[in-house]
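# An overview of the molecular structure
Here is what each chain is made of, one letter per residue.
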Amino acid sequence: MVCSGLEISLAEAKKKEKSPRFLAGLKNRREKRHSRSMSGSLAFDRNTELIETFRTQMQISEAMDALIRRKLVRLASGKSFGQIDVAQIALGLLNGTMKSEFQNEKSYIQWKNRQANILEELLSAEQSVGTLLAKIRNFEEWDIKMSPSECRDVLFSIRNVALTLSSMPGNLGIQGETYYWSAGYPFHIRLYQKLLLGVFDILEDGRLIEEADEILKLIKSTWPLLGITQKLHDVLYGWVLFQQFVGTEEAMLLDYAVRKVRNILSPEDVGKKETKYLESLVCCTRRNGSEIRLNLVQSILWSISLWCDNKLLDYHWHFRQKPRLFKGVLSMALVAGNQKFGASGNMELMLDASDEIIASKVRMYVETSAEAACKRVTGAINAGSKVDKKHPLALLASELKSIAEKQLTVYHPVLRHWCAEAGVVSALKLHRFYGERLEPFLKNISCLSEDVKQVLAAAILLENYLLELHSSEPVENGMHSPLMLDFERKSFSSRGSIGNNLSALPGVGIGEIARPIILDWVIAQHARILEWTGRAADLENWEPLSHQQKQAASAVEVFRIIEETVDQFFELRLPVDITHLQALLSIIFHTLDAYLQKVVNQLVDKHNLYPPAPPLTRYKETAFPSAKKKLVESVVLDNAVNKKLDALTTSKLCVRMNTLQYMQKKISTLEDGIRESWSAVRLLKDQTCPDVDPRWTSNGILEMCSESVDELFVATFDCIRDSAADAIRKTCELVGARVVFWDLREPFIFNLYHGGVEGARLETTLPQFDRVLNNVCALIDDTLRDIVVKSIFKASLEGYAWVLLDGGPSCAFSDFDVVMMEDDLNILKDLFVAEGEGLPRSLVEEEARFAHQILSLFSLRAESVIQLLMTSSEHSSIGLEAHKYGHRHLGDAHTLIRVLCHKKEREASKFLKLHYHLPASSVYDEAATEDASVKSPLMADLIKRSASFRWSDKGSSSFRSFKKKIQEATSDFRHVGW
């Protein structure tokens, strides 16, 4: 700047707060950067700021900066410079510089020797200079023994040599060219690179300072002195940027470097003289063991290219942690790497390389990197398989899948800009590498072992990624590239030798191998699951798991086994189709159906709990005791039925119902889970094969029909739901019958109205009813409470009707009794309504209608009931049916005859004695037994035969004929229990 006539300040800078390190100046500058004063002489202040910034960037102390400025101003004032060079500057700095001007002797010696080294390099052509420079380096001689005049003489002698050399004309005749442009270019280049490094923030090497462009303009003033041209500046600045990127891995620097290198190779006009000058700057390097000579531009581009090639030939490894740098490095390699070596070893820069050449180079990167990645993962497979306990082929497929995935998501989007087939090239390499190792394994597959599951699943996942990778090239006009067709021909998954079927989709071979093996595996699970299910059901004691979990353990175990099998099925990660799904659902159906059948088969018919009806008698009061006949002994129940009844307590029946309800919920959850997993399998297939050629679908991995799948689910799970619902219904009915006809048999069935209504009212039984209902509600699941209570209510109404119609000889009801019985029935209804917290009132009234109707029959006169009996036979003869309640008809002969038998009315007794010859109730001893279950078929036969007669209100012949038939029929059953 001094020699160019620019004004610089030699005044001492204002006193600033000193920092213990020279970096304090930079920190101060950053903090106060936005508070600069822009008033006054703006240009001068700006130059001063830039020089100060550059001094800090170059890490030059303030003391050294002041010393250099004084020396340079003195040098400039001594003569009017036309052409200045580095040698003259170095001599000017040495002239008169004393040790006392430095902080210490060591600093002085280092500085002085540096100037001597510069002069030696620039003036090496003259041998005499070496002796003179040796005196300068010798501290004792130069600084102690020699006088100032002797020192000036040495410097003068060196100056004469330097002036002689500087006066020599340049070799190429470029304007401003000096001898030192060519002779001193190695030093000039290093010095210029050092200056260029001043634009990088010394606190953050990866960032340019804000004043970088202004600093570069100042540095441009050194071009004539150092022999720098615009082209050479671009080369050196690009090289410095690239080196700084290598050290910091800052992507922005790489982008700047790529732009500079593009400027170098741009076909702009460069003079012949400048071209010759650039070619004259020769460097030596080695290639393939031989030394080659390159010019400076070639050498820099060659160095950049070598570094980029080294990274890109194994980009999977070098960019694994910072893939964001991949695009920039590839761009640099393609920009700087277009060199061509001739037979003589000379290198030529290839400007405007064709797309084919660039694509070929990218393809080479892809192939080499894929090969390097494959070799690298192979070395770690055996050790890894021992640690992970996985088959080596499964581990290898997993590693290759990771490579393919990274290739697809990270590298291919960049590579495809220069080589559309990059994905196919990579897929083909990975495909061939794995296929060669998988083929022997496929030949020996016989069953779905753990190794087979691991290897096939991993191989299919790999194939999916390779398929997506190889399909990443867009298809134009329905035509694939030759590489893609080659990939399709080499499906490694076909059994035997690698197939050559152009229409074979990659992965079909594995699917064909896996399909029957998977089916065999699913079928093999059937027997295992049925065995476990049967064992769980046989060991079940029907106790709830806990207070919160009221179901039995066996159902939980059954669903655990099923869900475990389902999970294993979908975790196979193998190609499955609707046949496999059908087999899986068949296993589920048969397993749950077998369990439900076991549960249902352990039940008994609720009618086994009903007490037998006592013999039919007619009411008769007696004042004198007489010998009474015993009731007919009951038939003993089958031992198997008794054993079942012992295990079917009310509490265990409640647990059974809870278990069945739990199954209903789990069935829905299981169905939803399988549907979701199946949809995921289908979605995976759609995602991995989104653009498959239609001609491939007939041989595809999965061929799914939504309607068929839905039909399978409906046929399986709806049927199981129906079976579970039917089992719940049967169990619920048994709970009601068990509570009323077994648990409450004594207080309710046998004691209600026994010996008279007034002394055996329902209120004596209500505490037992209440206790039983509380126990049941505590045991049963909340969702089942209403239907269970309803079942108990219906059973209690059946029991109440049994007391009214089949209560035995001791049960006879007068008109006064009917009023109390109506009250009892209302009390029973209120018990189950429970003040609005139990069953709905409308439901209770509907269920109790039949009991009310029976009571209404008892309130009629005997003549009316007899008339109804005759009408019932008339209706039966013409095919009319009365309202049914269970197995009873409200107005049929069965019901009406029993009403007459239990009615305290002389006319009824007289009618039964006259027409049926029924014995009086007083002749039987009811203490004999209460479990008689013999039923006479004669009564049914009687009613059947009586239905053939029609009674008339006017004619007595038909009635007498019916009477005769009745007498004949009743002669065999008057003393037999009904």
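Here, residues in each chain are numbered from 1, in the same order as that chain's written sequence. Selection of residues for local features in this predicted model requires a pLDDT of at least 70, selection of side-chain atom pairs for listing and counting requires 80 or more, and totals for whole chains, interfaces and linings are taken over all residues. Side-chain calculation: all heavy atoms of the structure are included, whereas hydrogens and water are not.

As recorded by an unreviewed UniProt entry, the protein carries the name Protein unc-13 homolog isoform X6 and is attributed to Nicotiana tabacum.

### Here we look at the overall build of the protein
Put simply, DSSP marks the helices as runs of H or I at least four residues long and the strands as runs of E at least two long, and each gets a number from the N terminus on. Summing up its helical and strand segments, the protein has 40 helices and eight strands in all. To sort residues, take the accessible area from a 1.4 Å probe on protein chains only and compare it with the maximum for the residue type: under 20% means buried, over 50% means exposed, and anything in between is partly exposed. Each of the 978 residues in the protein was classed as buried or not, and the buried ones make up 47%. Contact between two residues is taken to exist if any of their heavy atoms lie within 4.5 Å; hydrogens are not considered. For the protein, the share of sequence-separated contacts (at least 6 apart) that also reach a separation of at least 24 residues comes to 77%. Accessible surface, the protein: about 48,300 Å² in total, of which carbon and sulfur atoms supply 51%. Areas reported as accessible are Shrake-Rupley estimates using a 1.4 Å probe. Residue values count occlusion only from the protein chains shown.

### Some thoughts on the environment of Cys 719
The residue Cys 719 is located in helix H29 (residues 706–743) in this model. Setting aside residues up to four positions removed in sequence, Cys 719 forms contacts with Phe 589 and Val 714.

### Overview of the nonpolar core
Note on terminology: a nonpolar core comprises buried Ala, Val, Leu, Ile, Met, Phe, Trp, Tyr and Cys residues joined through side-chain atoms within 4.5 Å. Of all hydrophobic cores here, the largest spans 158 residues; its most connected members are Leu 400, Tyr 434, Ile 588, Ile 674 and Tyr 800. Those residues within four positions of Tyr 800 in sequence are excluded, and the remaining contacts are Phe 748, Leu 752, Tyr 753, Met 821, Asp 824, Leu 825, Ala 851 and Leu 855.

### Some details on the pattern of salt bridges
By convention in these notes, a salt bridge is any Lys or Arg side-chain nitrogen within 4 Å of a carboxyl oxygen on Asp or Glu. Taken as a whole, this structure holds 43 salt bridges when the rule is applied. In this structure, the salt-bridge partner of Arg 207 is Glu 204, at a minimum N-O distance of 3.9 Å. Residue classification places Arg 207 among the partly exposed residues on the basis of a relative accessible area of 46%. With relative accessibility at 40%, the residue Glu 204 sits in the partly exposed group. For Glu 531, the salt bridge identified is with Arg 535, shortest N-O distance 2.9 Å. One end of the pair is Glu 531 and the other is Arg 535, both in helix H24 (residues 508–538) and four residues apart, which spans about a single turn. In this structure Glu 531 comes out as partly exposed when scored by relative accessible area, which is 48%. A residue is classified by how much of its surface remains accessible, and Arg 535, at 39% relative accessible area, is partly exposed. Through salt bridges with shared partners, a single ionic network connects Glu 671, Arg 675, Asp 710, Asp 718 and Arg 721.

### Re helix H14 (residues 251–265)
Residues that lie three or four places apart on an α-helix share one face, since the helix turns once every 3.6 residues. Multiplying 1.5 Å by the residue count of a helix minus one yields the expected span of that helix. Taking 1.5 Å as the rise per residue, H14 with 15 residues should run 21 Å; its terminal C-alpha atoms sit 21 Å apart, in good agreement. Looking only at H14, the buried set comprises Leu 253, Leu 254, Ala 257, Val 258, Lys 260, Val 261, Ile 264 and Leu 265. For H14, the angular spread of buried residues about the axis comes to 170°, placing them on one side. Note that the arc is computed from the directions linking the helix axis to the C-beta atoms.

### Concerning the packing of aromatic side chains
Only rings of Phe, Tyr and Trp enter the pairing, Trp through its six-membered ring, and a pair is recorded when the two centres are within 6.5 Å. The plane angle decides the type: under 30 degrees is stacked, over 60 is edge-to-face, the rest tilted. Within this structure, the stated rule accounts for 24 aromatic pairs. Ring geometry for Trp 181 and Tyr 277: centres 5.4 Å apart, planes at 45°, overall tilted. Taken together, the positions of Trp 181 in helix H9 (residues 179–183) and Tyr 277 in helix H15 (residues 272–280) put the pair 96 residues apart, joining distant regions of the chain. Neither Trp 181 nor Tyr 277 differs from the other in exposure class; each is buried. Here Phe 713 and Phe 717 contribute two aromatic rings whose centre-to-centre distance is 6.0 Å and whose plane-to-plane angle is 15°, an arrangement assigned as stacked. Separated by four residues within a single helix, Phe 713 and Phe 717 lie in helix H29, roughly one turn from each other. Accessibility assignment for this pair places Phe 713 and Phe 717 in one class, buried. Any Lys NZ or Arg CZ found within 6 Å of a ring centre and within 35 degrees of that ring's normal is scored as a charge over the ring. Just above the ring of Phe 433 sits the side chain of Arg 437; from NZ or CZ to the centre is 3.7 Å.

### Considering the packing of helix H3 (residues 62–78) against helix H4 (residues 86–94)
Inter-axis angles, ranging from 0 to 180 degrees, are taken between N-to-C directions of lines fitted to C-alpha atoms, where helices are fitted over the stretch in contact. Closest axis-to-axis distance for the H3/H4 pair is 9 Å, and the angle between their directions is 110°. In terms of orientation, H3 and H4 fall into the roughly perpendicular class. Note on packing geometry: the crossing formed by H3 with H4 is right-handed. Side by side, H3 and H4 meet where Ile 68, Lys 71, Leu 72, Arg 74 and Leu 75 of the first sit next to Gln 88, Ile 89, Gly 92 and Leu 93 of the second. Residues are grouped as follows: Ala, Val, Leu, Ile, Met, Phe, Trp, Tyr, Cys and Pro are nonpolar; Asp, Glu, Lys and Arg are charged; every other residue, Gly included, is polar. Of the residues contributing to the contact of H3 with H4, the split by class is five nonpolar, two polar and two charged. Our angle categories are set so that under 35 degrees counts as roughly parallel, over 145 as roughly antiparallel, 65 to 115 as roughly perpendicular, and the remainder as oblique. Crossing handedness is defined as follows: a turn of the near helix away from the far one that is anticlockwise and smaller than a right angle gives a left-handed crossing, while the clockwise case is right-handed.

### Regarding unusual backbone geometry
The phi angle at Arg 573 is positive, at roughly 55°, despite the residue not being glycine. Tracing the sequence through the fold places Arg 573 in the loop between helix H25 (553–570) and helix H26 (578–601). The phi torsion at Ala 834 lies on the positive side, around 55°, for a residue other than glycine.

### Notes on the packing of helix H37 (residues 893–901) against helix H38 (residues 906–916)
In the contact formed by H37 and H38, the axes pass within 8 Å of each other and the chain directions differ by 120°. The angle between the axes of H37 and H38 places the two elements in the oblique class. Contacts between H37 and H38 involve Ile 897, Leu 900 and Cys 901 on the former and, on the latter, Ala 908, Phe 911, Leu 912 and Tyr 916. A breakdown of the residues in the contact of H37 with H38 according to their chemical character gives seven nonpolar, no polar and no charged.

### Concerning the state of the cysteines
Any pair of cysteine sulfurs within 2.5 Å is marked as a disulfide. Scanning all chains against the criterion turns up zero disulfides. The cysteine Cys 732 is free of any disulfide, with Cys 654 supplying the nearest cysteine sulfur at 9.2 Å.

### Quick word on the confidence of the model for the protein
The predictor attaches a confidence to each residue, and that confidence, scored 0 to 100, is pLDDT. Here the protein shows a mean pLDDT of 80. Residues at 70 or above account for 77%. The least confident element of the protein, judged by mean pLDDT, is helix H39 (residues 937–946) at 40; the most confident is helix H17 (residues 315–318) at 95.

### Here's the deal with the side chain of Gln 551
Of note, Gln 551 is situated in the loop between H24 and H25. Classification of Gln 551 by relative accessible area gives buried; the value is 10%. Non-local contacts of Gln 551, meaning those with residues more than four positions away in its chain, are made with Glu 543, Pro 544, Leu 545, Val 556, Val 655, Asn 658, Thr 659 and Tyr 662.

### Overview of the environment of Trp 678
Tracing the backbone through its elements, the reader meets Trp 678 in helix H28 (residues 650–688). For Trp 678, a relative accessible area of 4% corresponds to the buried category. For the pair Trp 678 and Ile 578, spaced 100 residues apart in sequence, the C-alpha to C-alpha distance is 9.7 Å.

### Observations concerning the environment of Ile 749
Note on placement: Ile 749 falls in helix H30 (residues 745–750). According to the relative accessible area criterion, Ile 749 is buried, its value standing at 3%. Through-space distance from the C-alpha of Ile 749 to that of Gly 807 is 8.0 Å; in sequence the pair is 58 residues apart. In this structure Ile 749 touches Pro 611, Val 740, Phe 741, Leu 744, Gly 799, Trp 802 and Val 803, once residues within four positions along its chain are discounted.

### Considering the side chain of Gln 664
For Gln 664, the location among the structural elements is in helix H28. Note on Gln 664: relative accessible area 18%, which makes it buried. If we ignore the near neighbours within four places in the chain, the residues touching Gln 664 are Arg 721, Ala 724, Ala 725 and Ile 728.

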